[in-house]
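# Close look at the chain arrangement
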Amino acid sequence: MTTGEIPFLDLVTVHRELREELRSVFETALDTAGFVGGPAVQEFERDFAAFCESQFCVGMASGTDALRLALVAAGVRPGDTVVTVPLTFIATTEAISQAGARPDFVDIDERKVGRVVSKRTGGPVTAVIPVHLYGQMADMDPILELAARYDLIVIEDACQAHGAEYLSNKEDRWRKAGSMGRAAAFSFYPSKNLGACGEAGAVTTDDEQLARRCQMLRDHGQSRKYFHDIEGYNGRLDSIQAGILRVKLQHLTRWNEQRRQSAESYNELLAPTAGRVAVPYQPSWSKPVYHLYVIRTPDRNELQKHLTESGIGTAIHYPIPVHLQATYALLGWKRGDFPVSEEAANQILSLPMFAGLRSEDQHRVAEAVAGFASIRSASEAGIFPTPSHGSFGAKGEVHHGSSLLGR
Ligand SMILES: *Cc1c(COP(=O)(O)O)cnc(C)c1O
């Protein structure tokens, strides 16, 4: 098939395959009127903790709640500084500010999230949030080492990394995302590798006290009904979402494997455009789960336009680094503060990626990217004119020579 739109993300097909199982989750909830809490939540928490190789899992209403309550439960308080990266979803820093702390940043260095230094905010750095962005692992060994040396709390933002693995040199074994920090936050927003049919999230941890605090914080600080030991929030995971997540969790390993295979196919199909388009870097110490497949090119906006015109859905994660978002203007960051993140934000483009992405559609995406890359190279070489050089077809020559397609 060479026609039809290729969506950036297709959730309909995946849910159609699970329709009967998912329907029975809704029916059980209706029949028992169990909508909040109850066995469905506990069963999912047990299963997801096992999946993450963590001792405890506490279901939350969203990934944002999971991040915020994990920070609070870990002891981050007003006046503290929490360090993360500027190239992330804004929820990472919202969680920091809403826990009363101040966000500070270290730049990404393209291949790993590295050094943790902050003299910026004045307050003590008490925690770091490495973000396993796109389902790629942050390089955790150096982060954990620094954290141990300076007594920092590490909260993993694993909201895009369900099932990703990291080869810990220190421990000489593969470790699951969400099992390495003091705690980790997961999001089950519908588009995530494990997605609810609504909003949901979770904290994972090996720290029993922290888990207990998270349970209280998500439920108005109650230790038992109407005994509010601390001031909490309403951040509970509802039973329908828990039931749905439990059904879908059984397929997650297979879906992640499909994503990895799709990523490998993209890597091969895009190899001819290597001079123009960079594919994701995959270090030997990481088994990513490709929540997103993100390429880089200097002509990002034009390429995105070209793909849109070819009926191919794309997205940008994220076009504006967090430190330059309007809401943080008060913090005084400016363009140039984190140049690596800023440049990345101008060059990144997420291609269609989801479990069940068809191979023929990947071929079409790659052809469209290659077509664009060759037009670009050709116009730069002056072989055929760009609109700014005047009218098309003055010479009427279109070259398809392999030299124009790169290596
Ligand atoms: C999705 C996401 C979040 C927030 O999760 P929600 O469930 O949408 O609140 C936080 N951080 C990252 C990196 C995310 O991708």
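Residues numbered from 1 in each chain as written. Predicted model: local features only at pLDDT ≥ 70, side-chain atom pairs only at ≥ 80, totals over all residues. Heavy atoms only, no water.

### A few points about the site of the ligand
Selection rule: Neighbouring residues are identified by heavy atoms, a residue being near a molecule or strand if any of them is within 4 Å of it. For this analysis, a polar contact is any N or O atom pair within 3.5 Å, provided that within protein one partner can donate a hydrogen and the other can accept it, and provided that sequence-adjacent residues contribute only side-chain to side-chain pairs. Where accessible areas are quoted, they stem from the Shrake-Rupley method and a 1.4 Å probe; at the residue level, only the protein chains shown are allowed to cover. Strands are runs of DSSP state E lasting at least two residues, helices are runs of H or I lasting at least four, and both sets are numbered from the N terminus onward. Note on residue categories: nonpolar means Ala, Val, Leu, Ile, Met, Phe, Trp, Tyr, Cys or Pro, charged means Asp, Glu, Lys or Arg, and polar means any other residue, Gly included.
Surrounding the ligand, one finds 16 residues, the nearest of these being G63, T64, Q160, S187 and K192. Contact distances for the ligand include 2.5 Å between an oxygen atom and a side-chain N or O atom of T64. A distance of 2.8 Å is found between an oxygen atom of the ligand and a side-chain nitrogen or oxygen belonging to Q160. Protein contacts shield 94% of the accessible area of the ligand, which totals 380 Å² for the unbound molecule. Secondary-structure elements contributing two or more residues to the shell around the ligand are α4 (63-74) and α5 (91-98). Among the elements that make up the shell around the ligand, the one with the highest residue count is α4 (three residues). A breakdown of the residues in the shell around the ligand according to their chemical character gives seven nonpolar, seven polar and two charged.

### Digging into the sheet that holds strand β5 (residues 153-157)
Operational definition: By definition, two strands form a pair when at least two bridges between them are found by DSSP. Fitted lines through C-alpha atoms serve as axes, helices being fitted only where they are in contact, and the angles separating the N-to-C directions of these axes extend from 0 to 180 degrees. Every residue pair with non-hydrogen atoms within 4.5 Å of one another is taken to be in contact.
Strand order in this open sheet of seven strands is β1-β9-β8-β5-β4-β2-β3, and the pairing throughout is mixed. Edge positions in the sheet fall to β1 (56-60) and β3 (102-105), since each of these pairs with one other strand and no more. Across the sheet, the mean angle separating the axes of adjacent strands is 25 degrees when strand polarity is ignored. Relative to strand β4 (residues 125-128), strand β2 (residues 81-84) runs parallel, the two sharing three bridges. Opposite V83, over in β4, you have V128 as the bridge partner. Sitting on the sheet, α5 is in contact with β2, β3 and β5, with an inclination near 140 degrees to β3.

### Observations concerning the confidence of the model for the protein
As a general rule, the predicted coordinates of low-pLDDT regions are not to be interpreted in detail. Using the following cut-off: Scored from 0 to 100, pLDDT records how confident the predictor is in each individual residue.
Mean pLDDT for the protein: 89, with 89% of residues reaching 70 or above. Contacts for the low-pLDDT stretch residues 111-117, under 50 throughout, to residues beyond four places or in other chains number 17 contacts. Confidence drops under pLDDT 50 across residues 384-407; counting only partners more than four residues distant or on other chains, this segment forms 24 contacts.

### Some details on the packing of helix α8 (residues 239-270) against helix α11 (residues 359-380)
Put simply, the test is: Crossing handedness: left-handed means the near helix sits turned counterclockwise from the far one by under a right angle, and right-handed means the same turn made clockwise.
For the pair α8 and α11, the least separation of the axes is 10 Å and the interaxial angle reads 35 degrees. α11 is crossed by α8, and the crossing has right-handed handedness. Along the contact surface, α8 presents S262, S265, Y266, L269 and L270, while α11 presents Q362, H363, V365, A366 and V369. Its residues placed into classes, the contact of α8 with α11 shows six nonpolar, four polar and no charged.

### Quick notes on unusual backbone geometry
Note the cis peptide between H317 and Y318, where omega equals 10 degrees. If you trace the backbone, Y318 turns up in the loop between α9 (300-309) and α10 (339-347). Here the phi dihedral of E53 falls at roughly 55 degrees; this positive angle occurs in a residue that is not glycine. Summarising the element assignment, E53 is placed in the loop between α3 (39-51) and β1. A positive phi angle is found at Y134, which is not glycine, with a value near 65 degrees. Following the sequence through the fold, Y134 ends up in the loop between β4 and α6 (140-150).

### Digging into the nonpolar core
The test is simple: What is meant by a nonpolar core is a set of buried Ala, Val, Leu, Ile, Met, Phe, Trp, Tyr and Cys residues, joined one to another through side-chain atoms within 4.5 Å. Remark: exposure states derive from per-residue accessible area (1.4 Å probe, protein chains only) relative to the maximum for the residue type, with buried under 20%, exposed over 50%, and partly exposed in between. An automatic or database domain assignment provides the domain bounds reported here.
Core analysis: the largest hydrophobic core is formed by 73 residues, its most contacted members being F44, F48, F188, Y293 and L351. A total of seven residues in this core trace back to one element, the largest contributor, which is α8. For this core, the domains that each give at least three residues are domain 1 (12-249) and domain 2 (253-398). Each residue touching F48, except ones within four places of it in the same chain, is listed here: C57, H162, F186, F188, L194, T204 and L249. Counting 27 residues, the second largest nonpolar core, distinct from the first, contains A101, L210, C214 and L217.

### Here we look at the pattern of salt bridges
Filter applied, for reference: Salt bridges are identified by distance alone: a Lys or Arg side-chain nitrogen within 4 Å of an Asp or Glu carboxyl oxygen.
Tallied over the full model, the rule gives 17 salt bridges. Across the pair E45 and R218 runs a salt bridge, and its minimum N-O distance is 2.9 Å. Placement of E45 in helix α3 and of R218 in the loop between α7 (208-217) and β10 (222-224) is noted, with a sequence separation of 173 residues between them. Grouping residues by exposure puts E45 and R218 together as buried. When the shortest N-O distance is used, the salt bridge between E165 and K287 registers 4.0 Å. Taken together, the residues span a long stretch of sequence, with E165 in strand β6 (residues 165-168) and K287 in strand β12 (residues 286-287) at a distance of 122 residues.

### Side note on α5
Of all the positions in α5, only A91, T92, T93, A95 and I96 are classed as buried. Packed against the buried residues of α5 are α4, β2, β3 and β5. With its phi angle positive at about 95 degrees, G100 sits one or two positions after the end of α5.

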